[in-house]
Amino acid sequence: MNIPARIADKFPLLSARHSFRGFPRLGLAPFLTQKRNIGIGYQKKMAWSLQRSNNVDTADKLGVVRPATELYAEEAVEALKAGKVIAVPTDTLYGFACDACSLEAVNRIYEIKGRKHTSPLAICIGDVSDIKHFAVTDHLPNGLLDSLLPGAVTVVLNRGESSALEKSLNPGLDTIGVRVPDCNFIREIAHGLGRAVALTSANLSGKPSSVCIKDFENLWEHCAYVYDGGVLPSGREGSTVVDLSRLGKYKILRPGSAKEETVEILEKHSLVEEVTTI
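Here is what the cut-offs are and how they apply
- Residues numbered from 1 in each chain as written.
- Predicted model: local features only at pLDDT ≥ 70, side-chain atom pairs only at ≥ 80, totals over all residues.
- Heavy atoms only, no water.
- Helix = DSSP H or I, 4+ residues; strand = E, 2+ residues; numbered from the N terminus.
- Buried < 20%, exposed > 50% of the residue type's maximum accessible area, 1.4 Å probe, protein only.
- Contact = heavy atoms within 4.5 Å.
- Areas by Shrake-Rupley, 256 points an atom, 1.4 Å probe, with all protein chains shown as cover.
- Arc of directions from axis to C-beta.
- Pairing = 2+ DSSP bridges.
- Axes fitted to C-alpha atoms, helices over the stretch in contact; angles between N-to-C directions.
- pLDDT = per-residue confidence, 0-100.
- Polar contact = N/O pair within 3.5 Å; in protein donor to acceptor, adjacent residues only side chain to side chain.
- Phe/Tyr/Trp six-rings, centres within 6.5 Å; stacked < 30°, edge-to-face > 60°.

### Some thoughts on the overall build of the protein
And then number 1: When helices and strands are tallied, the protein shows eight helices and 11 strands.
And then number 2: Evaluated residue by residue, the protein yields a buried proportion of 46% over its 278 residues.
And then number 3: Within the protein, contacts between residues separated by at least 24 positions form 63% of all contacts whose residues are at least 6 apart in sequence.
And then number 4: Of the roughly 15400 Å² of accessible surface on the protein, a fraction of 52% belongs to carbon and sulfur atoms.

Now the structure itself:
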């Protein structure tokens, strides 16, 4: 459809060449092809726009903020495949994420946070059943991981010789922290990537963790995209970190936001707390 220039000038949304910063190009053909999905997805997108536009539009000078909805998951996956760093919500805190197989992207996360390379990164994967591809799980009681995850828990396991992880991730360490957050958005990204996602809190090292994107606004410029999931309700404690690398034992490395529930599940599966002797 050819639109006279004088009309296009008055009604810029009718022009396929016109676009808004931070949003896909608009045109009649894409609208028609997406009409079948306009129900739920469009309502989610509109709800996000109405609730947050006053806060985000004025602050997002870089044009990097997106709603954390399934409509933008594919875009996030492509950014990770390109070696970029993105910011995402989880079931606990906002995090910086990248392809765990990209040494350059992993190093970029350390630079953004001002974090020492001696502090390891955890990985995020889409399904509990995939953990065995990255870490040793055959010593764990049946059903334990499914009881803990998805949820606000990081399980620390031995990597093993057959781990699909790159040796360059956390070099020198025999263990890896694994997360399967109770958050559909980051899990969908992990599914789409088809590899482990390196994940760490979105903040400068040593500074308070982030429960909304405004908390780390000074770091947006280092991200390809910042995905807004609103204010996260779990507080700033982060996930509970538990070492399950030893047969029949567990050790709480960080209490986090789910310690009580985690310990209850561990002891229900007959695991005994490992006592540190001095």
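Having put the structure on the table, let's press on.
### Description of helix α4 (residues 73-81)
For an α-helix, the turn length of 3.6 residues means that residues three or four places apart are oriented alike.
And then number 1: Those residues of α4 that sit buried are Ala73, Ala76, Val77, Ala79 and Leu80. End-on view of α4: buried residues confined to an arc of 160 degrees, all on one side of the axis.
And then number 2: Backbone geometry just after α4 places Gly83 at a positive phi near 85 degrees.

### Comments concerning the sheet that holds strand β1 (residues 65-67)
And then number 1: Taken in spatial order, the 11 strands of this open sheet run β1-β8-β2-β3-β7-β4-β6-β5-β9-β10-β11, and their pairing is mixed. With one partner strand each, in any of the chains shown, β1 and β11 (272-273) form the two edges of the open sheet.
And then number 2: Here strand β5 (residues 153-158) pairs with strand β6 (residues 175-179) via five bridges, running antiparallel. Pairing of Val155 across the sheet is with Val178, part of β6.
And then number 3: Taken strand by strand, helix α5 (residues 103-113) contacts β3 (94-99) and β7 (197-201), and its axis lies near 150 degrees from that of β3.

### Digging into the confidence of the model for the protein
And then number 1: On average, residues of the protein carry a pLDDT of 84, and 77% of them reach 70 or more.
And then number 2: Between residues 3-58, whose pLDDT stays under 50, and residues either more than four places distant or in other chains, the model counts 42 contacts.

### Some remarks on the side chain of Asp91
And then number 1: Looking at where Asp91 falls in the secondary structure, it is placed in the loop between β2 (86-89) and β3.
And then number 2: Judged by its relative accessible area of 18%, Asp91 falls in the buried class.
And then number 3: Side-chain polar atoms of Asp91 contact the backbone nitrogen of Asp182, separated by 2.9 Å.
And then number 4: Sequence-distant contacts of Asp91, defined by excluding residues within four places in its chain, comprise Gly151, Ala152, Arg179, Pro181, Asp182, Cys183 and Ser234.

### Describing the packing of aromatic side chains
And then number 1: Scanning all chains against the criterion turns up four aromatic pairs.
And then number 2: Seen from their ring centres, Tyr94 and Phe216 are 5.9 Å apart, and the 45 degrees between their planes marks the pair as tilted. With Tyr94 in strand β3 and Phe216 in the loop between β7 and β8 (225-228), this residue pair connects regions lying 122 residues apart in the sequence.
And then number 3: A relative accessible area of 1% places Tyr94 in the buried class.
And then number 4: Ring geometry for Tyr225 against Tyr227: centres 5.9 Å apart, planes inclined by 50 degrees, an arrangement best described as tilted.
And then number 5: One aromatic cluster is present, formed by Tyr94, Phe96 and Phe216 through successive ring pairs.

### A word on the environment of Thr175
And then number 1: Along the chain, Thr175 falls in strand β6.
And then number 2: On the basis of relative accessibility, which here comes to 25%, the residue Thr175 falls in the partly exposed class.
And then number 3: Taking C-alpha positions, Thr175 is 9.1 Å from Asp243, a pair spaced 68 residues apart along the chain.
And then number 4: With sequence-adjacent residues up to four places away left out, Thr175 is seen in contact with Val156, Leu157, Asn158, Arg159 and Ser245.

### Describing the side chain of Asn203
And then number 1: Within the element layout of this structure, Asn203 appears in the loop between β7 and β8.
And then number 2: Asn203 sits in the buried class, given a relative accessible area of 6%.

### A short note on unusual backbone geometry
And then number 1: Geometrically, the link from Leu149 to Pro150 is a cis peptide bond, its omega value of -5 degrees lying close to zero.
And then number 2: Note on placement: Pro150 falls in the loop between α6 (144-148) and β5.
And then number 3: Backbone geometry places Asn170, a non-glycine residue, at a positive phi of 50 degrees.
And then number 4: Turning to its location among the elements, Asn170 is positioned in the loop between β5 and β6.
And then number 5: In this structure, Ser270 takes a positive phi of about 70 degrees despite not being glycine.
And then number 6: Within the fold, Ser270 resides in the loop between α8 (259-268) and β11.

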